[in-house]
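These are the residues of each chain, in order.
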Amino acid sequence: MNPIDAGEHPATAGLPGLVRAAQDGDSMAMAELLDVLAPYVARLCGPIALGDGADAAQEALIAVFTQIGQLREPAALFGWVRAIAIREAVRVARKAHRAAPAELRDVPARGDPQLASEVRDVLGRLAPHHRAILVLRDLEGLDEQTVSDILAVSTGTAKSRLHRARRRFRQEWDR
Amino acid sequence: MNQHWPVADLDPVRKLRVMAASIPGTGLTEWIIDAPPELVWQVASNLQAEMPRLVRDFRSVTVTAGPGERLVMHARGYLGQRARFDVVLRPGWCWMQSRFLLCGMAAAPDPDGTRFGFLGGLRLPGVTLLHPLLHLIGPAAVRLDRLQTDVQRHLGQQ
């Protein structure tokens, strides 16, 4: 799995100036920053909030832009946004009562040509906090310390949670 | 397998909601129009014709092209007031900012046709003091029923 890091994001060259302008109330800069951040937030919220991913992404971006004045170092933008997006996605997923695993009758037949659909279905059988740690470790490629900081848990908890999430994912995938 | 992970669909109207919720002094109105998004946008994005129809305070509008998606729009009000807007216009999305005013439009598919959003707002110091009245700005300033009429007329001409 290829990790995604801030250096791979497009349109980051003029980012510090864009962040400063948005912080100063320039809505043109804010709209441009929204164009840069929306795909990233959508990618983070989708696997965690699933069917409520659009709501989660919208709420996460509202939180980002209402708090943008608190971001002191524009270079830290993507890490800061990531922490907000994960938090909002887990919150929205839990609120939508998606914490309970799906019924086994929802498991798709093996050989389903829609691999993306299968991944989505398997993720749907995991708890939101398990989806969140899979996104951070396996989609974003973050280290254990960073993941535990974002999720506000100890590194030991993050490690065991990741182990359980991966095992659960494999079990559901192999069904 | 990463490319197969689900991605949230953040359509332009949801982006407009983000702008409305994040910028003090703005109000957002949403309207369902019984027509395809491409057709609605074809009508709405003709700023010169449609903005004076939709915005109560605009008497006339002229638009000049800029680089890429950028445009410049000059609006004149009924009392002779003028405003120069920087504009970003692309399919489904339009954002406009002048010294004192903000406008935004967005369109996205909806089961009943098109969800259309219009944002209006003021860029004034201390505008948050007007907070209890701000939710009235968008609905009071814009006539989205006229957009529906214009879209239906456009459909009839096709």
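This text gives an overview of the structure that appears in the document. It should be emphasised that the depicted structure is a prediction, and the values quoted were computed from it without experimental measurement.

Across its full length, chain B holds 6 helices and 7 strands. Secondary structure of chain B in N-to-C order comes out as α-β-α-α-β-β-β-β-β-β-α-α-α. Counting over 158 residues, chain B shows a buried share of 48%. Considering only residue pairs separated by 6 or more positions, chain B has 54% of its internal contacts joining residues 24 or more positions apart.

This brings us to the overall build of chain A. Looking only at helices and strands, chain A has 8 helices and 0 strands in total. Order of helices (α) and strands (β) in chain A, N terminus to C terminus: α-α-α-α-α-α-α-α. Taken over 175 residues, chain A has a buried fraction of 48%. The contacts in chain A between residues at least 6 apart in sequence include a share of 69% that link residues at least 24 apart. Surface summary for chain A: the accessible area is close to 8,200 Å², and the carbon and sulfur share equals 49%.

Our next topic: the pattern of salt bridges. For the coordinates displayed, the defined rule picks out 17 salt bridges over all chains. Taking the shortest distance from any N to any O, the salt bridge between A:Arg168 and A:Glu172 comes out at 2.9 Å. Residue A:Arg168 and its partner A:Glu172 are located together in helix α8 (residues 155-174), separated by 4 residues, close to a single helical turn. Exposure remark for A:Arg168: the relative accessible area of 24% places this residue in the partly exposed category. Here B:Glu30 and B:Arg17 are joined by a salt bridge, their closest N and O atoms 2.7 Å apart. Taken together, the positions of B:Glu30 in strand β1 (residues 26-33) and B:Arg17 in helix α1 (residues 12-22) put the pair 13 residues apart, joining distant regions of the chain. A single salt-bridge network, built from bridges that share partners, covers A:Asp35, B:Lys15, B:Glu69 and B:Arg90.

The next thing to look at is the nonpolar core. Inside soluble globular proteins, nonpolar side chains tend to come together where they are buried. By size, the foremost hydrophobic cluster in this structure holds 74 residues, and its most contacted members are A:Leu33, A:Leu77 and B:Trp95. In terms of residue count, helix α2 (residues 27-49) of chain A provides more of this core than any other element does, 16 residues in total. Membership of the second largest hydrophobic core comes to 30 residues, among which are B:Val43, B:Cys94, B:Met96 and B:Ala107.

Residues and elements named next belong to chain A. Mapped onto the fold, Arg 131 is located in helix α6 (residues 128-139). No salt bridge is formed by the buried Arg 131. Its closest oppositely charged neighbour is Asp 52, at 7.5 Å. At 3.0 Å, the side chain of Arg 131 forms a polar contact with the backbone oxygen of Leu 126.

Moving on, we come to the interface of chain A and chain B. The partner chain B presents 27 residues to the 37 residues of chain A that form the contact. Run the count over chain A and chain B and you get 4 salt bridges. For A:Asp35, the salt bridge is made with B:Arg90, and the minimal N-O distance between the two is 2.8 Å. Along the contact surface separating chain A from chain B lie 10 residue pairs in polar contact (both at pLDDT 80 or more). In terms of residues, the side of chain A that touches chain B owes the most to one element, α2(A), which gives 12 residues. Residues of the side of chain A that touches chain B, tallied by class, amount to 23 nonpolar, 7 polar and 7 charged.

With that out of the way, let us pick up the packing of aromatic side chains. All names here are of chain B. Counting across every chain of the model gives 5 aromatic pairs over all chains. Measuring from ring centre to ring centre gives 6.4 Å for Trp 41 and Phe 116, while their planes differ by 40°; the resulting arrangement is tilted. Here the residue Trp 41 occupies a position in helix α2 (residues 37-44), and Phe 116 occupies one in strand β7 (residues 113-122), the gap between them amounting to 75 residues. Comparing Trp 41 with Phe 116 shows no difference in burial state: the two are buried. Taken together, a centroid distance of 6.2 Å and an interplanar angle of 10° make the contact between Trp 93 and Trp 95 stacked. Of the two residues examined, Trp 93 and Trp 95, each falls in the buried class.

Reading the values: rules and limits
Position numbers for residues start from 1 in each chain and track the written sequence from start to end. Working convention: letters from A go to chains and numbers from 1 go to ligands, in the order in which they are written. Reporting in this predicted model follows two pLDDT cut-offs: at least 70 for local features of residues, and 80 or more for side-chain atom pairs to be given and counted; totals over whole chains, interfaces and linings ignore these cut-offs and use all residues. Side-chain numbers come from the whole structure's heavy atoms, not from hydrogens or water. Secondary structure elements are defined from DSSP: runs of H or I of at least 4 residues count as helices, runs of E of at least 2 residues count as strands, and each element is numbered from the N terminus. Burial classes: relative accessible area under 20% of the type maximum marks a residue as buried, over 50% as exposed, and values in between as partly exposed (1.4 Å probe, protein chains only). Only heavy atoms matter for contacts: two residues are in contact if any of them lie within 4.5 Å across the pair. Note on areas: Shrake-Rupley, 1.4 Å probe, and residue coverage restricted to the protein chains presented here. By convention in these notes, a salt bridge is any Lys or Arg side-chain nitrogen within 4 Å of a carboxyl oxygen on Asp or Glu. Here, the term nonpolar core denotes a set of buried Ala, Val, Leu, Ile, Met, Phe, Trp, Tyr and Cys residues that are joined through side-chain atoms within 4.5 Å. Charged residues are defined here as Lys and Arg on the positive side and Asp and Glu on the negative side; His and the ends of the chain fall outside this count. Definition of a polar contact: a pair of N or O atoms within 3.5 Å, with one able to donate and the other able to accept a hydrogen when the atoms are protein atoms, and with sequence-neighbouring residues admitted only if both atoms are side-chain atoms. Residues are grouped as follows: nonpolar covers Ala, Val, Leu, Ile, Met, Phe, Trp, Tyr, Cys and Pro; charged covers Asp, Glu, Lys and Arg; every other residue, Gly included, is treated as polar. For this analysis, a ring pair means two rings from Phe, Tyr or Trp (six-membered ring only for Trp) whose centres lie within 6.5 Å, classed as stacked if their planes differ by under 30 degrees, edge-to-face if by over 60, and tilted for the remaining angles.

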